[in-house]
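These are the residues of each chain, in order.
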Amino acid sequence: MLDESLLDAPDELARADRRGLLRGAAEAGARVRTAARHATEAGLADLRPDGRPRAVLIAGSGTAATGVADLLGALAGASAPVTRLHPTGVAHAAGALRWALPGWAGSVDLLLLATTDGTEPGLALLAEQAYRRGCTVVAVAPEHSPLGEAVDGAHGLLVPMAKAPYQEYDESAAAGPGALWALLTPLLVLLDKVGLITAAPETLQRVADRLDRTAERCGPAIATYSNPAKTLAAELADTLPLIWSEGAGAGPAGRRFAATLAELAGRPALAADLPEALPAHGVLLAGSFAAGADPEDFFRDRVEEPQALRARIVLLRDRPAGGLTAAPAARELALSHDTAISELEPEEGGELEQLAELLAVTDFATAYLALATRGHG
């Protein structure tokens with residue numbers, strides 16, 4: 001159950017925020033600036049590459065690393081394939097995870113390591129394997145971590161992960177927004193240098209500014225009725241969110257939203273891209289998750305029963321390119337099944353700025369759902 005009164009009680013939200021979720025979201029812009037500075041100090045801004053890599057491989061553990069791989073793949077588009085190397089192991093623990101390079105990887109490929117931990121022996125072994133194959137290795141990881149030494153031994157480049165501006169913040173909330181931007185920003189600088197994406201210093205400055213502005217609109221002091229993140233959190237209470245995305249950046253933003261809702265707020269959610277979301281989730285709108293499901297039991301005593309989940313569509317959109325959009329079809333399908341729909345569309349700006357706004361609003365919404373839901377501080 002969502003305690004909506006808590007959404008408009010900033011002091012209580014702050015007390016409940018033991019994992020620093022709201023602070024992490026509010027400081028995302030500062031984290032981008034710090035991470036960009038670390039990338040420059042590590043020498044990424046001075047790189048003069050011989051040419052584009054044939055392929056980019058990304059390895060790392062946790063939600064942040066998964067989100068980074070997904071975002072970079074979307075932003076690179078057709079420039080070069082971006083492939084996430086999935087870990088194997090008997091448990092999701094730093095010592096148990098292992099990664100392997102594909103058989104074709106070699107000297108014309110780039111291996112990126114992204115981790116908020118830095119103690120994973122499997123990533124150190126992967127760096128050594130990449131060195132033997134001739135792959136270039138670049139890592140973003142905590143400074144003075146064992147992985148940093150391994151990357152140095154593989155003649156790779158380490159960018160120290162940008163820390164939060166406050167010391168008491170628990171970095172173990174690795175699914176939070178701070179971790180995402182700390183890992184993503186240096187890799188944006190790198191892939192800009194090798195010509196796969198466009199992320200010049202002034203672009204990253206605009207991204208940081210957009211994150212700051214969005215944090216002002218979505219912060220705990222802003223009342224629910226004029227706060228898009230609190231509004232979205234209230235709308236998603238007791239629902240099964242179906243997150244439908246349209247646009248290159250909106251897809252990874254939607255998938256990250258679903259992942260953080262599960263990991264940080266304990267909420268199930270399903271994500272899919274339009275127009276494929278329509279047949280993929282259409283049956284859910286007509287089945288037991290439909291708004292008008294089970295009308296026969298209208299008079300049943302529900303006092304002691306948990307409320308049934310009802311589907312709610314969340315439509316995340318980039319500004320449509322070329323005028324082609326499935327949004328009207330999505331709205332029509334929702335309307336025909338009496339299903340509520342929430343829409344998020346960023347203000348105009350560059351691709352990275354729009355993506356940053358979608359990520360920021362959904363990160364704040366996840367935090368509010370986690371904090372205002374009983375048992376999820």
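Computed from a prediction, not measured in an experiment: that's the story for all the values here. (Residues numbered from 1 in each chain as written. Predicted model: local features only at pLDDT ≥ 70, side-chain atom pairs only at ≥ 80, totals over all residues. Heavy atoms only, no water.)

(A) The domain arrangement of the protein chain, seen in detail. For the protein chain, the assigned domains read domain 1 (43-199) and domain 2 (214-373). With centres defined by C-alpha atoms, the gap from domain 1 to domain 2 works out at 30 Å. Contact residues are listed per partner, giving 13 residues for domain 1 and 14 residues for domain 2. For the domain 1 and domain 2 pair, buried surface summed over both sides reaches about 1200 Å², with 70% attributable to carbon and sulfur atoms. (Domains from an automatic or database assignment. Contact = heavy atoms within 4.5 Å. Buried area = accessible area lost by both parts, 1.4 Å probe.)

(B) Representation of the sheet that holds strand S5 (residues 157-160) within the structure. Spatially, the five strands line up as an open sheet ordered S2-S1-S3-S4-S5, and their pairing is parallel. Taken across any chain shown, the strands that pair with only one partner, and hence form the sheet edges, are strand S2 (82-84) and S5. Between one strand axis and the next, the sheet turns by 20° as a mean value, whatever way the strands run. (Pairing = 2+ DSSP bridges. Helix = DSSP H or I, 4+ residues; strand = E, 2+ residues; numbered from the N terminus. Axes fitted to C-alpha atoms, helices over the stretch in contact; angles between N-to-C directions.)

(C) Quick look at the side chain of Arg 317. Along the chain, Arg 317 falls in strand S8 (residues 310-317). In this structure the side chain of Arg 317 is engaged in a polar contact, spanning 3.3 Å, whose partner is the side chain of Glu 246. The residues contacting Arg 317, other than those within four sequence positions of it, are Glu 246, Ala 250, Thr 325, Ala 327, Arg 331, Leu 344, Glu 345, Pro 346 and Leu 358. (Polar contact = N/O pair within 3.5 Å; in protein donor to acceptor, adjacent residues only side chain to side chain.)

(D) Structural view of the nonpolar core. Counting 87 residues, the largest nonpolar core has Leu 72, Leu 112, Trp 181, Leu 188, Leu 190 and Leu 191 as the members making the most contacts within it. No other element matches the 15 residues that helix H14 (residues 351-372) contributes to this core. There are two domains that each give this core at least three residues, and those are domain 1 (43-199) and domain 2 (214-373). Each residue touching Leu 190, except ones within four places of it in the same chain, is listed here: Leu 44, Leu 47, Leu 110, Leu 112 and Val 138. (Core = buried A, V, L, I, M, F, W, Y, C linked by side-chain atoms within 4.5 Å. Buried < 20%, exposed > 50% of the residue type's maximum accessible area, 1.4 Å probe, protein only.)

(E) Representation of unusual backbone geometry within the structure. Cis geometry is found at the peptide bond from Leu 274 to Pro 275, where omega equals 0°. Mapped onto the fold, Pro 275 is located in the loop between strand S7 (270-273) and helix H12 (277-286). Although it is not a glycine, His 155 sits at a positive phi angle of roughly 55°. Here His 155 is to be found in the loop between helix H7 (146-153) and S5. Its identity is not glycine, yet Asp 238 carries a phi of approximately 60°, on the positive side. Position of Asp 238 among the secondary structure elements: in the loop between helix H10 (228-236) and strand S6 (239-246).

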